[in-house]
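Chain and residue survey
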Amino acid sequence: MTEHDEGGEQVSTGTTITPGEPTEVVPELVIISGMSGAGRSTAAKCLEDLGWFVVDNLPPALIPTMVELGARSQGNVARIAVVVDVRGRRFFDNLRQSLADLEAKHVTRRIVFLESSDDALVRRFESVRRPHPLQGDGRIVDGIAAERELLRELRGDADLVIDTSSLNVHELRAKMDASFAGDEEPELRATVMSFGFKYGLPVDADLVVDMRFLPNPHWVPELRQYTGLNEEVAAYVFNQPGAKEFLDRYAELLQLIAAGYRREGKRYVTIAVGCTGGKHRSVAMSEKLAARLVSEGVETVLVHRDMGRE
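Residues numbered from 1 in each chain as written. Predicted model: local features only at pLDDT ≥ 70, side-chain atom pairs only at ≥ 80, totals over all residues. Heavy atoms only, no water.

1. What to know about the overall build of the chain
In terms of regular secondary structure, the chain is built from 10 helices and 13 strands. Every one of the 310 residues in the chain was classed for burial, and the buried ones make up 41%. Taking all contacts inside the chain whose residues are at least 6 apart in sequence as the whole, residues at least 24 apart take part in 76%. Of the accessible surface of the chain, which amounts to about 17,100 Å², a share of 49% is contributed by carbon and sulfur atoms. (Helix = DSSP H or I, 4+ residues; strand = E, 2+ residues; numbered from the N terminus. Buried < 20%, exposed > 50% of the residue type's maximum accessible area, 1.4 Å probe, protein only. Contact = heavy atoms within 4.5 Å. Areas by Shrake-Rupley, 256 points an atom, 1.4 Å probe, with all protein chains shown as cover.)

Pasting the structure below:
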């Protein structure tokens, strides 16, 4: 949205323009709050995956300072999400003043409030065997009642209230995507990691593929000292029967998997490509696979975990 100054020049709201100084763009701000156990962490993680700068349990008095720091970042921090909850109840009284300060500075802010029924919250706390942060020596329901009273006014000011009583994690993420992702399809980011089976499987791998069906360059004397980054080693690997076919078909399979991950709200995938020592075959295949993903518009990080360990 734009406004016009007296001279007729268009000035974007939320932007401070001072002659002779760099333009400061005030970040968009979302405050996430609500009942403990209602899904605040999931909502915050969803915004983080959408590219927001997320701060968990920031004292409300520091919210205006956080926004000012974002404005000085020259656009590097354009969207900030702050989680406010009863863990910081000593500071909670400061939230009203912070909101007033933000309004006086014409900062665009939205409040997202996560709600849930008493029955659903009790089940969730009992399932993880943790007390409610406000129950003290009482019961879980006592803590829930105290929290509802504490948050009553904030709930009334919320721009978006999401009742998670009957929602699973994926459904909550879908609601957050619908509210904050805009028309863009959620982005998937990939890490392609080569590794050696003799050093163990990567603990963070979502998908694991095995290159030991290809002949090992280790047994070719003139190639043994090199790695899969070497052109001759890569050529040797991809001249073997099945190597190019595997790359093509696995890349097609990843397109299918990626579409499903996006539907389920998954934003990151780690693809582990293994061979015996993580030096030749897995490195060469990882290089080609990562390049293929990049060419298809997937933000990709390439890691060679075990190269150089021998």
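2. Examining the confidence of the model for the chain
Confidence along the chain averages 84 in pLDDT terms, with 88% of residues attaining 70 or more. Confidence, expressed as mean pLDDT per element, reaches its minimum in the chain at strand β2 (residues 10-12) with 37 and its maximum at helix α8 (residues 231-238) with 97. Low pLDDT, under 50, characterises residues 1-22; the predicted model gives this stretch 22 contacts beyond four residues in sequence or across chains. (pLDDT = per-residue confidence, 0-100.)

3. Structural notes on the sheet that holds strand β8 (residues 109-115)
Sheet strands pair by backbone hydrogen bonding; their relative direction is either parallel or antiparallel. Ordered by their spatial adjacency, 5 strands build an open sheet running β6-β7-β5-β8-β9, and the pairing between neighbours is parallel. Since the sheet does not close on itself, it has two edges, and those belong to β6 (53-56) and β9 (160-163), each with one partner. Averaged over all adjacent pairs, the angle separating strand axes in this sheet is 20 degrees, with direction ignored. Packed on one face of the sheet, helix α1 (residues 40-49) meets β5 (28-34), β6, β7 (79-83) and β8 and runs near 160 degrees to β5. (Pairing = 2+ DSSP bridges. Axes fitted to C-alpha atoms, helices over the stretch in contact; angles between N-to-C directions.)

4. With respect to the pairing of β5
Of all the 7 residues making up β5, 6 are buried; the element is thus mostly covered by neighbouring parts of the structure. In the sheet, β5 pairs with β7 via 5 bridges, with the strands oriented parallel. Across the sheet, residue Ile32 finds its bridge partner in β7, namely Val83. Of the pairings in the sheet, the one linking β5 to β8 comprises 6 bridges and is parallel in character. Paired with Gly34 across the two strands is Leu114, which belongs to β8.

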